[in-house]
Amino acid sequence: MADKYETHRQLLETYKRTQAQLAGDERQKARLAQAKMHQAWLEQIFNSVEMGRPIVYSPVYPELIYALDLQPLFPEAWELLPLRQDMYALCDSIDTAHEAGINADLCSFGKSLIGSLLRRKIPPPAMIVAPTFPCDNLKISYQVLGYLTQAPTYFLDPPYWMDADGAQDYWLGQFKGLISFLEEHSGKKMDYDRLKEVVEESNRMVDHWLKVMELRKMKPLPQGGIGLGGILTGQTVAGLPIGTEAMKMLLDDIKGRIERKEMAIANERVRAIWFHIRIPYDRDIWAWMGEMGAAVPVTFGEYSSIELIDTSTRETMLKGLAQRALEMPMLRQGRGAVSNWIGDCLHAVKEWQGDCVILAGHAGCKWIRGGYGILRDTCRERGIPLLMFDVDFLDPRVTPPEEYRARIEDFLTTVMAR
Amino acid sequence: MTALEQLTKTAETLTNPAIERWKEKGGKVIGYYCTYVPEEVIHAAGMLPYRMRATGSTGTELGDVYSSHLTCSFVRHSLDQAMRGEYNFLDGLVALFSCDHIRRLFDVWRYGKIDFPYSPFYLRFLSVPSKIDDMAIEWMAHEILGFKRSLEDHFQVTITDDALHQSIITYNERRNLLKKLYELRKKKAPPITGAEVLSTIIASTAMPMDEFNQLMKQMLDEVSGRDGASDYRARLMLVGGELEDPGYVKFIEDLGGLVVTDFQCFGVREFWDLVDESSEPIPALAKRYIERISCPRMIDQPRRDSFIKNMVKEFKVDGIIVQRMKYCDCWGCESAMIAWEAKKVGIPCMVLEREYLTVAVGQLRTRVQAFLETIERAQSGR
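A quick note: this is a predicted structure, and the numbers were derived from the prediction, not measured.

About the cut-offs
- Residues numbered from 1 in each chain as written.
- Chains lettered and ligands numbered in written order.
- Predicted model: local features only at pLDDT ≥ 70, side-chain atom pairs only at ≥ 80, totals over all residues.
- Helix = DSSP H or I, 4+ residues; strand = E, 2+ residues; numbered from the N terminus.
- Rg over C-alpha atoms; globule rule 2.2 N^0.38 Å.
- Buried ≥ 20, exposed ≤ 12 C-beta atoms within 10 Å, placed from the backbone.
- Contact = placed C-beta atoms within 7 Å.
- Right-handed = clockwise from strand over helix to strand, strands pointing away.
- Nonpolar A, V, L, I, M, F, W, Y, C, P; charged D, E, K, R; others polar.
- Pairing = 2+ DSSP bridges.
- Axes fitted to C-alpha atoms, helices over the stretch in contact; angles between N-to-C directions.
- Parallel < 35°, antiparallel > 145°, perpendicular 65-115°, else oblique.
- Left-handed = near helix turned anticlockwise from the far one by under 90°.
- Core = buried A, V, L, I, M, F, W, Y, C linked by C-beta atoms within 7 Å.
- Domains from an automatic or database assignment.

(A) Quick look at the overall build of chain B. Looking only at helices and strands, chain B has 15 helices and 8 strands in total. Relative to its length of 382 residues, chain B is compact, with a C-alpha radius of gyration of 20 Å against a globular reference of 21 Å. A principal-axis box enclosing the C-alpha atoms of chain B has dimensions of 65 × 45 × 45 Å. Among the 382 residues that make up chain B, the fraction classed as buried is 55%. A sequence separation of at least 24 residues applies to 73% of the contacts in chain B between residues at least 6 apart.

(B) Representation of the pairing of strand β2 (residues 48-51) of chain B within the structure. On β2(B), burial covers both faces: Leu48(B) and Tyr50(B) on one face and Pro49(B) and Arg51(B) on the other are all buried. For the segment spanning strand β1 (residues 29-32) of chain B, helix α3 (residues 39-44) of chain B and β2(B), crossover handedness is right-handed.

(C) Here's a closer look at the interface of chain B and chain A. The interface of chain B with chain A comprises 38 residues on the first partner and 36 residues on the second. Looking at the side of chain B that touches chain A, the elements with two or more residues in it are α5 (100-110), α6 (134-155) and α14 (329-345) of chain B. If you tally residues by element for the side of chain B that touches chain A, the top one is α14(B), at 8 residues. Residues of the side of chain B that touches chain A, tallied by class, amount to 21 nonpolar, 9 polar and 8 charged.

(D) Local environment of the sheet that holds strand β5 (residues 270-274) of chain A. Residue and element names in this part refer to chain A. Strand order in the open sheet formed by 4 strands is β6-β5-β7-β8, with parallel pairing between adjacent strands. Pairing within the sheet leaves two strands with one partner each, and these edge strands are β6 (294-295) and β8 (386-391). Taken together, the 2 bridges between β5 and β6 define a ladder with parallel strand orientation. Considered in β6, the bridge of arginine 271 is made with alanine 295.

(E) Here's a closer look at the sheet that holds strand β7 (residues 319-325) of chain B. All names here are of chain B. Pairing within the open sheet is parallel, and its 4 strands lie in the order β6-β5-β7-β8. Taken across any chain shown, the strands that pair with only one partner, and hence form the sheet edges, are β6 (257-263) and β8 (349-354). Direction aside, the axes of adjacent strands within the sheet are offset by 30 degrees on average. Of the strand pairs in this sheet, strand β5 (residues 234-240) and β7 are connected by 5 bridges, and their pairing is parallel. Within β7, the position partnered with leucine 238 by the bridge is isoleucine 321. Here helix α10 (residues 246-254) sits on the sheet in contact with β5, β6 and β7, set at roughly 140 degrees to β6. The sheet contacts of α14 involve β5, β7 and β8, and relative to β7 the element is tilted by about 165 degrees.

(F) Representation of the packing of helix α1 (residues 3-12) of chain B against helix α8 (residues 194-204) of chain B. All names here are of chain B. The N-to-C vectors of α1 and α8 enclose an angle of 70 degrees; their axes lie 8 Å apart at closest approach. Viewed along their axes, α1 and α8 adopt a mutual orientation that is roughly perpendicular. Classified by chirality, the crossing of α8 by α1 is left-handed. Of the residues in α8, those touching α1 at Leu4, Leu7, Thr8, Thr10 and Ala11 are Glu196, Ser199, Thr200, Ile202 and Ala203. Each residue belonging to the contact of α1 with α8 can be placed in one class, and the counts come to 5 nonpolar, 4 polar and 1 charged.

(G) Structural detail: the environment of Asp254(B). For Asp254(B), the location among the structural elements is in helix α10. Separated by 142 residues in the primary sequence, Asp254(B) and Gly112(B) have C-alpha atoms spaced 44 Å apart.

(H) Representation of the nonpolar core. Ile273(A), Val357(A), Ala95(B), Leu236(B), Met237(B) and Ile320(B) are the most contacted members of the largest nonpolar core, which totals 269 residues. Two domains each put at least three residues into this core: domain 1 (15-161) and domain 2 (188-380) of chain B. Every residue in contact with Leu236(B), bar those within four places of it in the chain, is listed here: Ile252(B), Gly257(B), Leu258(B), Val259(B), Val260(B), Val317(B), Asp318(B), Gly319(B) and Ile321(B).

(I) Broad picture of the packing of helix α2 (residues 29-51) of chain A against helix α11 (residues 241-260) of chain A. Residues and elements named next belong to chain A. Packing of α2 against α11 brings their axes to within 8 Å, and their N-to-C directions diverge by 170 degrees. Here α2 lies roughly antiparallel to α11, going by the angle between them. For the pair α2 and α11, contact is made by Lys29, Ala30, Leu32, Ala33, Lys36, Met37 and Ala40 and by Ile242, Gly243, Ala246, Met249, Leu250, Asp252 and Asp253, respectively. Across the contact of α2 with α11, the residue classes break down as 9 nonpolar, 1 polar and 4 charged.

(J) The domain arrangement of chain B, seen in detail. Residue and element names in this part refer to chain B. The domains assigned to chain B are domain 1 (15-161) and domain 2 (188-380). Using only C-alpha atoms to locate each centre, domain 1 and domain 2 end up separated by 24 Å. The partner domain 2 presents 31 residues to the 34 residues of domain 1 that form the contact. Put simply, the parts of the chain that give the side of domain 1 that touches domain 2 at least two residues each are α2 (17-24), α3, β2, α4 (73-83) and α6. Residue composition of the side of domain 1 that touches domain 2, by class: 20 nonpolar, 9 polar and 5 charged.

(K) Representation of unusual backbone geometry in the model. Residues and elements named next belong to chain A. Looking along the chain, the bond that leaves phenylalanine 133 and enters proline 134 is cis, with omega of 15 degrees. Within the secondary structure layout, proline 134 lies in the loop between β3 (127-131) and α7 (136-149). In this chain, lysine 219 is followed by proline 220 through a cis amide linkage whose omega measures 0 degrees. If you trace the backbone, proline 220 turns up in the loop between α9 (192-215) and α10 (230-237). For glutamine 150, which is not glycine, the phi torsion reads 60 degrees and is therefore positive. Positionally, glutamine 150 belongs in the loop between α7 and β4 (153-156). Even without a glycine there, the phi angle at lysine 261 is positive, about 60 degrees.

(L) Spatial organisation of the environment of Ser93(A). All names here are of chain A. Along the chain, the position of serine 93 falls in helix α5 (residues 91-100). Expressed as a C-alpha distance, the spacing of serine 93 and alanine 295, which sit 202 residues apart in the sequence, is 34 Å. Excluding residues that lie within four positions of it along the chain, serine 93 makes contacts with Ser112, Gly115, Ser116, Arg119 and Lys121.

The structure is reproduced here in structure tokens:
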């Protein structure tokens, strides 16, 4: 273990400093919330490493894992965090995966995870939980993680058509199987009263999140890009009081802005629906777009039809958790037919009053690539301007920011001139 | 013309005289994209299952309109063929979530971006689990039943249990005949090349099965008496996903590497396991298709690893070549794990990236030659 996760320990200190600097500043509540949340998550992980609490890799919501007093680690979030400080932070891990023989065209999330594991930049798992969706990359790279760590691995495998007869029951069965798996490999028994507490806490967090996203439909947009990040939030601290507290701060931030009549950008001229996640290493892309008069009310990192879970019985709670896993951002759009993704995109355009769609085409997302033509036809038929460009979300060497920013600028200029 | 020549010829083109005769008699042809589609159900409906290929394609100009440069080239060529009307002999199409590329290819069909040769054209996307357990088998049985009913409804036919049972017997016969062919490849001087075997397997997915089984029996008689090749430099196992170009295998074999077995889609993975003929047809099919030796779409890497190692022993393999279509994530990671395991147990292994059309011939030659030299050096050092 070369550095004992030095990069993330430095990040932890940064989050602490940020909080000290921003404390009491009403206008910085959103940034403060994010720093608090990430600090809490990293501290927990480091404590778990030191105390020997089993770490469970899981890119799905963590309520079950928290309820069993295990430590969830959402690997993709772990990889993403350092990019906010150093855009090249993952290049060494990506290169290590290439050198080990992993295909260069694999999604860089898979490559960086495999590389980080080989370089011991991420704590090793005691167990691995993964869905078989939204893409081949996730399904196969988590098999590699299982191979490399020999950690017991459980895959959640949904039917392709979730509206088919029996599909919901099958999916619930997958979820119940997950509980048995976690119990078997942790030696713990699920305490359903404790699970209820965790789910009720995550419900409070989700409730705040949904309200934030509802208020982001306002035109002009009251809150800038800092309010986005649902995918990270939900998958790291859902079910913990800190998750609720952070999301409440985000909600208070947007409400305060509305009251004070502060808008995200000075002169909103166009609203762009960014239908992939934000480019993680391009920290100020929303502010840069804002300077041109372009607001981004939603990305698919936040787009979700997630609902509050009915905790009245064990069965309703499990059904709710199973459903929540399906509705997670990205997992929702990526599973099944292309109509899931395109339908959500059109819905986002309507609900968040989008004037155009920007698709940052992540090099690893083959499931999106195959839908390019259909999305283009769909947008054309509806008169929605669409920009698609190539980028790699974790590796800025693939498309340098100045290159894709030039395309965005040209596109927005054209849209504004309409 | 010998049976082997007939089979080889059948594999050379997208369609063939057997399909033309079938169509002339009013027969229906159902295309399918993956070996996880239970062909027996289509056969039991009195139709001809046809495994989708893009043989004869020379470009992807039309296919690229609905894909991207990061889409696998097989899918791009196949889309291109579809948009050019090359699959107009089909009456329907079946696919499943084999991979991200195939499911989006199916979306293009589903969105009506391809002119269907017949209306209403039969389209079905099967929901095949990625896990191997009792729950998955039960779901697969449910899915096969739905598939059977949809064929019955669309084409106004009845698929009886007896017909299904008979189809299982017919397809098991095919599997057993192919296994006999593979037995011959275990010999020190195998009487058939890897390229010929690939052609044979392709032919078996593009003609009426009774006709194929007859030809196959003749072919086994023909080749059993042949003097086999013994002047090869190494016995190779070819591993990977979609490979429907016997020319690719021939190229390797012309350099002295005789392909004696494989772990491919058009190969061992699709015929090695039989369907239990003594059980109820649909549950038996479900069990076979879920439990068969898997491809990387399934969560089953340790079992695949053991299977490959056993094949290496049984067929006295000197080296493994993994051929991987560019942009295939499943085979990208799988090939790395195969190479890591091969290294652990001392089996020479090389991963070759390729496109649907074999174009970078010079590079391929250099790499295969170097690999064969590596094997020879290792053998001479033993």
